[in-house]
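# Coordinate analysis (summary)
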Amino acid sequence: MSQLELAAKAVAEVFYKYAGQDAKKNKLNTTELKALMQKEVTSLKGADADVTKMLKCLDDNKDGEIDIVEFGTLVGILANGYRKWSRPEVPHKDQTRKGPSQTALLLLTPLYYLCRLKSVAAMSQLESAVQSLVDVFIKYTEQEGSKNQLSQGELKRLIATELSSGALGKKVGPEEVGELMGQLDKNHDGEVNIQEFCRFISILANGYYKSKKKGSA
Ligand SMILES: [Ca+2]
Ligand SMILES: [Ca+2]
Ligand SMILES: [Ca+2]
């Protein structure tokens, strides 16, 4: 498995580990999300995240729970924080720890802790996965155009290189890259940013989980 596939696998494992604690095994309820945040975003310890509000922010389809694709948003927020931190030469205002709007701030609080993770010896499975995702993302974004985003060409190279041989890669052939780009590019700027990229990861993670389940059944 490539670094990217291992990260997607880890995202799936973490998600389903907590989502499976009640009868609805494919979704995180408030209690499950809280447990996940406490154990997997280790840098959050001591900070009092409002999980109910966080769930509302992530819950796109408003069913009161978080599915794996919605979970991708959270992974994206963590990844974005880590990316900014690991690439300090890219100008950003966050170092003041003030910038974002109130709603965003609520979600962003944990990432400021995550950003200091390199000094923390023990990363959780989720945090290691986030770090891997960012490493892979950066490897390709810096090839052309915006250094913070994937162009279609970069996305194509990333998929060809990182997903060509693994089980997940078969789901996304190079010919489907244009279509995929359209799906991922939520803000329609023609490129894929880290948050949009993490949505893709959660889709891969879901595919991994489903194929594994099929295999073991
Ligand atoms: Ca559940
Ligand atoms: Ca939902
Ligand atoms: Ca975009």
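Along each chain, residues carry numbers from 1 onward, in the same order as the chain's sequence is written. The order in which chains are written sets their letters, starting at A; the order in which ligands are written sets their numbers, starting at 1. In keeping with the model being predicted, local features are shown solely for residues with a pLDDT of at least 70 and side-chain atom pairs are shown and tallied solely at 80 or more, while totals for entire chains, interfaces and linings include all residues.

### Regarding the overall build of the protein chain
To keep it simple, the criterion reads: Comment: elements are numbered from the N terminus, with helices defined as DSSP H or I runs of at least four residues and strands as E runs of at least two. Backbone-placed C-beta atoms define the burial measure: a residue is buried with 20 or more other C-beta atoms within 10 Å of its own, exposed with 12 or fewer, and partly exposed in between. Contact between two residues is assigned when their C-beta atoms, built from the backbone, lie within 7 Å.
A count of helices and strands for the protein chain gives nine helices and zero strands. Along the chain direction, N to C, the helices and strands of the protein chain fall in the order α-α-α-α-α-α-α-α-α. Per-residue burial for the protein chain yields a buried fraction of 40% across its 217 residues. In the protein chain, once contacts between residues fewer than 6 apart in sequence are set aside, the share between residues at least 24 apart is 68%.

### Observations regarding the nonpolar core
Selection criterion: Nonpolar cores are identified as sets of buried Ala, Val, Leu, Ile, Met, Phe, Trp, Tyr and Cys residues joined via C-beta atoms within 7 Å.
Judged by nonpolar contacts, the single largest core of 49 residues is most densely connected at Val11, Leu133 and Ile201. The dominant element in this core, judged by the number of residues it contributes, is helix α1 (residues 3-19), at 10 residues. Discounting residues that sit within four places of it in the chain, Val11 has contacts with Val75, Ala129, Ile201, Ser202 and Ala205.

### Quick notes on the confidence of the model for the protein chain
Note the following rule: The predictor reports its confidence for every residue as pLDDT, a score running from 0 up to 100.
This prediction gives the protein chain a mean pLDDT of 81; 74% of its residues lie at or above 70. When the elements of the protein chain are averaged for pLDDT, helix α5 (residues 102-114) gives the smallest value, 52, and α1 the largest, 95.

### So, unusual backbone geometry
Keep in mind that most residues, glycine aside, have a negative phi and that most peptide bonds are trans. In the Ramachandran plot, Lys62 falls in the positive-phi region, its phi being about 55° despite a non-glycine side chain. As for its position among the elements, Lys62 is in the loop between α3 (51-58) and α4 (68-86). Positive phi outside glycine occurs at His188, with the angle close to 55°. Residue placement: His188 occurs in the loop between α8 (177-184) and α9 (194-216). On the neighbour-count criterion, His188 (7 C-beta atoms within 10 Å) is exposed.

### Brief notes about the packing of helix α7 (residues 152-162) against α8
Note the following rule: Lines fitted to C-alpha atoms define the axes here, with helix axes fitted over just the stretch in contact, and angles between the N-to-C directions of these axes take values from 0 to 180 degrees. Between 65 and 115 degrees an angle is taken as roughly perpendicular, under 35 as roughly parallel, over 145 as roughly antiparallel, and anywhere else as oblique. Handedness of each helix crossing follows the sense of rotation of the near helix against the far helix: counterclockwise by less than a right angle gives left-handed, clockwise gives right-handed. Polar here means any residue other than Ala, Val, Leu, Ile, Met, Phe, Trp, Tyr, Cys and Pro, which are nonpolar, and Asp, Glu, Lys and Arg, which are charged; Gly is therefore polar.
Between α7 and α8, the shortest axis-to-axis distance is 10 Å and the interhelical angle comes to 115°. Comparing their axes, α8 and α7 come out roughly perpendicular. Where α7 crosses over α8, the handedness of that crossing is right-handed. Facing Gln152, Leu155, Lys156 and Ile159 of α7, the residues of α8 in contact are Val177, Gly178 and Met181. Tallied by class, the residues present in the contact of α7 with α8 amount to four nonpolar, two polar and one charged.

### A look at the packing of helix α6 (residues 125-141) against α7
The geometry of α6 relative to α7 is characterised by a closest axis approach of 9 Å and an angle of 130° between their N-to-C directions. Judged by the inter-axis angle, α6 sits oblique to α7. The handedness of the crossing between α6 and α7 is right-handed. Contacts from Val136, Tyr140 and Thr141 of α6 reach α7 at Glu154, Arg157, Leu158 and Glu162. Residues that form the contact of α6 with α7 fall into these classes: three nonpolar, one polar and three charged.

### Focus on α7
Going by this rule: Each direction from the helix axis to a C-beta atom contributes to the arc, which is the arc of those directions.
Taken as a whole, α7 has its buried residues at Glu154, Leu155, Leu158, Ile159 and Glu162. Down the axis of α7, the sector holding all buried residues measures 135°, keeping them to one side. The elements touched by buried residues of α7 are α1, α6 and α8.

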